[in-house]
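Given next are the chains, with one letter for each unit.
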Amino acid sequence: DTAVSQTPKYLVTQMGNDKSIKCEQNLGHDTMYWYKQDSKKFLKIMFSYNNKELIINETVPNRFSPKSPDKAHLNLHINSLELGDSAVYFCASSLSGSSTDTQYFGPGTRLTVL
Amino acid sequence: AQRVTQPEKLLSVFKGAPVELKCNYSYSGSPELFWYVQYSRQRLQLLLRHISRESIKGFTADLNKGETSFHLKKPFAQEEDSAMYYCALIAGNMLTFGGGTRLMVKP
């Protein structure tokens, strides 16, 4: 059973397009996250949702909009894609968002913008 | 703001040799620190956390508040330890990662 899943695994698209990445967790967790891993392997948090409410929003361009239809899903929509958006995007979840909770990561989505 | 630094991007050792992956942090509060590992073609997963004081797969890490370090150690490296290792600090519910160290264990 996959705990945290993401689709698609790979996404190749042209500059200017709009795309979405989906994330689902079946762990019954309340909190979900999106991280970006750049070409130098730096992992940086983008967003965090707790029970469908946005609780962390780092300095991410407005072109990125997370959407949480329910607490098991946190999708990432990106408008007007730019070359610099090329990265691996990881979704994660944790039980309650407490600092003592372990975060469980999805397999990542490699986005390539041409 | 918190910051996590892993000074080595790549660490290459021979099988059976001791390993130490360095991690330094800066944080004004009381830190909670973790090591995450990503094996080839697998997802990022938690290796250990300092509050548990546990040894996982032979790895240990001790929080040294005086030196603001949380180095990951293993006395005898195995080939299957080859992976990408990330040190991370949590503040509030925000996890901040270091830049990662790729460990290569040669036969």
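Given the structure is predicted, the values throughout are model-derived calculations rather than measurements.

Let us now look at the nonpolar core. Residues Trp 35, Leu 72 and Tyr 85 of chain B are the most contacted members of the largest nonpolar core, which totals 25 residues. Per-element accounting of this core gives the leading share, five residues, to strand β9 (residues 83-91) of chain B. For Tyr 85 of chain B, the contacting residues outside a window of four places in its chain are Gln 6, Leu 21, Trp 35, Tyr 36, Val 37, Tyr 39, Leu 47, Phe 59, Leu 72, Gly 100, Thr 101 and Leu 103 of chain B. Within the second largest apolar cluster, 20 residues are counted, among which are Leu 11, Val 60, Phe 64 and Leu 81 of chain A.

Time to look at the packing of aromatic side chains. Evaluated as defined, the whole model comprises 10 aromatic pairs over all chains. On the numbers, 6.0 Å between centres and 70° between planes, the contact of Phe 105 of chain A with Phe 97 of chain B is edge-to-face. Taken as a pair, Phe 105 of chain A in strand β10 (residues 104-105) and Phe 97 of chain B in strand β10 (residues 94-97) lie in two separate chains rather than in one. As far as the burial class goes, Phe 105 of chain A and Phe 97 of chain B line up, both buried. Through a chain of ring-to-ring contacts, the aromatic side chains of Tyr 33, Tyr 35 and Phe 105 of chain A together with Phe 34, Tyr 36, Tyr 86 and Phe 97 of chain B assemble into a single cluster. One residue, Lys 106 of chain B, lies across the ring of Phe 14 of chain B, its end atom 4.5 Å from the ring centre.

Residues and elements named next belong to chain A. The four strands lie next to each other as β1-β3-β8-β7, forming an open sheet whose pairing is antiparallel. In this open sheet, the two strands that pair with only one neighbour each are β1 (4-7) and β7 (64-67). In this sheet, neighbouring strand axes are inclined to one another by 15° on average, regardless of whether the strands run parallel or antiparallel. The pairing of β1 with strand β3 (residues 19-25) spans four bridges and is antiparallel. Paired with Ser 5 across the bridge in β3 is Glu 24.

This part is about the pairing of strand β6 (residues 45-49) of chain B. Where strand β5 (residues 32-38) of chain B lies against β6 of chain B, four bridges are found, and the strand directions are antiparallel. Along β6 of chain B, the bridge assignment pairs Val 37 of chain B with Gln 45 of chain B.

Below, the discussion takes up the interface of chain A and chain B. On the side of chain B, 19 residues touch chain A, which itself brings 24 residues to the contact. At the boundary of chain A with chain B, total buried surface from both sides reaches about 1,800 Å², with 54% on carbon and sulfur atoms. Its largest share of buried area at the contact with chain B, chain A owes to Leu 43, Ser 99 and Phe 105 of chain A, together 30% of the area lost on that side. Our count for the contact surface shared by chain A and chain B stands at zero salt bridges. Along the contact surface separating chain A from chain B lie five residue pairs in polar contact (both at pLDDT 80 or more). Broken down by secondary-structure element, the contributors of at least two residues to the side of chain A that touches chain B are β4 (31-37), β5 (43-50) and β6 (53-57) of chain A. The element best represented in the side of chain A that touches chain B is β4 of chain A, accounting for three residues.

What counts, and where the lines are drawn
Residues numbered from 1 in each chain as written. Chains lettered and ligands numbered in written order. Predicted model: local features only at pLDDT ≥ 70, side-chain atom pairs only at ≥ 80, totals over all residues. Heavy atoms only, no water. Core = buried A, V, L, I, M, F, W, Y, C linked by side-chain atoms within 4.5 Å. Buried < 20%, exposed > 50% of the residue type's maximum accessible area, 1.4 Å probe, protein only. Helix = DSSP H or I, 4+ residues; strand = E, 2+ residues; numbered from the N terminus. Contact = heavy atoms within 4.5 Å. Phe/Tyr/Trp six-rings, centres within 6.5 Å; stacked < 30°, edge-to-face > 60°. Lys NZ or Arg CZ within 6 Å of the ring centre and 35° of its normal. Pairing = 2+ DSSP bridges. Axes fitted to C-alpha atoms, helices over the stretch in contact; angles between N-to-C directions. Buried area = accessible area lost by both parts, 1.4 Å probe. Salt bridge = Lys/Arg side-chain N within 4 Å of Asp/Glu carboxyl O. Polar contact = N/O pair within 3.5 Å; in protein donor to acceptor, adjacent residues only side chain to side chain.

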